[in-house]
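So the chains spell out like this:
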Amino acid sequence: MTTAEKITRNRCLISNLKDVEEAFRIKRFPAFIGTTNEPRSQDIENDLIFDISKSSGMIQIRDLMPMEIIYSKYHCEAIGPMWKNHHNQFVNFLNNFPVCNIIEPGGSNNYMAKAFLELNKKSFWTIIEPTPNNISDNPRLNIIKGFFNKNFIKGAQYDAVVHSHTFEHMHNPEDFIKTISDSLSIGCYHIFTVPNLRKYFENRYSNVLNFEHTFYLSEEFVEYYLTKYGFEIIEKKYFLEHSIFYSAVKRTLPVLDLECNNFYDDNKRLLENYNQYFDKLVQALNEKLDKKKYYLFGAHVFSQFLIKKGLKDEKIINILDNSKIKNNQRLYGTELICSLPGIVGNDECPIVVVFAGGYQEEIERQLVEINSNVIIINDNNIR
């Protein structure tokens, strides 16, 4: 990868000061989170560098991979009970507010749009998505392929901007909020859900920050951006330790000189504890699994993170994943082939390593249902 193919952040996203310092890095991290049929030689990798700002405490990834690589194809189906519950609860949350003409940056598989349109027969929904996985036969649902920007909303009359687990993907979060603010009239709604990244850090989830989630979107920073660009929070709701729902109304013009508190000390400790945990975890995994053949769950960043942190992958039989579109494909950044979890039903006592964040419980339950003799390696039995 050449310097021209990536963007290097050297300023704090909040203060715009050149005061970021390196906390740690993971060498040669895959640029794409997902699977591929391309040869291993085509994979693009770059050091994943975790920086922290001295003026704000913002944690951010230094090098930004090109959007055309990160989102080169559809790869995030958001399947399983947790996501279904999340989407349904968010749709019900959204329906509490008087919104009718909605635009959604990053609509993924259209699940929420379809559910809301079914619930609210007078509503219209437009999705802006770089890798749409299907088309719509609903005349009230418009799907546009592309990256969200001001050109999509120029001159249009939307009464709400809605998004789900999209904010944290923005390379420039302030421009994102500014664009939303500029597109809405006073009294219009901005309703969205974001991952609870504080809990992700505290619970040691490996999908907190990467080349898709390139900055630490804590509650403090979410609310700073909203206030700065004229939004008043109407309601805030926690969905387990997975996500946070926000409903905000545009009340005023932007307050561009708004200052942000400094969370450096707290966030530095958070980041250091996180890094140390994974160093110790990978060492323990390598010792426990020495000379054993095993499966690793997740054709996603969960597995990429552990492997690039040093998990020895020579004895991994397959990567397991519930996504049918990933089946028989290679996990990007590795030589490992993805299989559906049902493959462990053929083994006498299969060993499966599972560190899957907020989806841990449902995955473990599924594996036991497939094979009651499965040996699951998780955080509870590794030490």
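Keep in mind it's a predicted model, so treat the numbers as computed, not measured.

Re unusual backbone geometry
And then number 1: One non-glycine residue, Arg28, lies in the positive phi region at around 50°.
And then number 2: By the secondary structure assignment, Arg28 is in strand 2 (residues 20–30).
And then number 3: Its relative accessible area of 52% is what places Arg28 among the exposed residues.
And then number 4: Notably, Asn110 is not glycine yet its phi reads approximately 70°, a positive angle.

A word on the pairing of strand 8 (residues 124–129)
Looking down a regular strand, the side chains alternate between one sheet face and the other.
And then number 1: Of all 6 residues in strand 8, 5 are buried, a share of seventy percent or more.
And then number 2: Two strands pair when backbone bridges link them, and strand 7 (residues 101–105) and strand 8 are joined in this way by 5 bridges, in the parallel orientation. Bridge assignment links Ile103 to a residue of strand 8, and that residue is Thr126.
And then number 3: Regarding the hand of the β-α-β motif, the stretch spanning strand 7, helix 3 (residues 111–119) and strand 8 is right-handed.
And then number 4: As paired elements, strand 8 and strand 9 (residues 141–145) share 5 bridges and run parallel to each other. Counterpart to Ile127 in the pairing with strand 9 is Ile143.

A few points about the pattern of salt bridges
And then number 1: By the definition in use, this model includes 26 salt bridges.
And then number 2: The partner of Arg25 in a salt bridge is Asp47, and the shortest N-O contact between them spans 3.0 Å. Note that Arg25 is positioned in strand 2 and Asp47 in strand 4 (residues 45–53), a separation of 22 residues in sequence.
And then number 3: With its nearest N and O atoms 3.1 Å apart, the salt bridge here joins Arg40 to Glu45.
And then number 4: By relative accessible area, Glu45 is classed as buried at 11%.
And then number 5: Linked by salt bridges that have partners in common, Glu22, Arg25, Lys27, Asp47, Asp51 and Arg62 make up one network.

Comments concerning the sheet that holds strand 11 (residues 189–195)
And then number 1: Taken together, the 7 strands give an open sheet; going across it, the order is 9-8-7-10-11-13-12, and neighbouring strands pair in mixed fashion. Two strands bound the open sheet, and with one partner strand each, they are strand 9 and strand 12 (231–239). Averaged over all neighbouring strand pairs, the angle between strand axes comes to 20°, with direction disregarded.
And then number 2: Lying over the sheet, helix 3 contacts strand 7, strand 8, strand 9 and strand 10 (160–164), oriented at roughly 175° with respect to strand 8.

Calculation notes
- Residues numbered from 1 in each chain as written.
- Predicted model: local features only at pLDDT ≥ 70, side-chain atom pairs only at ≥ 80, totals over all residues.
- Heavy atoms only, no water.
- Helix = DSSP H or I, 4+ residues; strand = E, 2+ residues; numbered from the N terminus.
- Buried < 20%, exposed > 50% of the residue type's maximum accessible area, 1.4 Å probe, protein only.
- Pairing = 2+ DSSP bridges.
- Right-handed = clockwise from strand over helix to strand, strands pointing away.
- Salt bridge = Lys/Arg side-chain N within 4 Å of Asp/Glu carboxyl O.
- Axes fitted to C-alpha atoms, helices over the stretch in contact; angles between N-to-C directions.
- Contact = heavy atoms within 4.5 Å.

On their own, these measurements won't tell you what the molecule is for.
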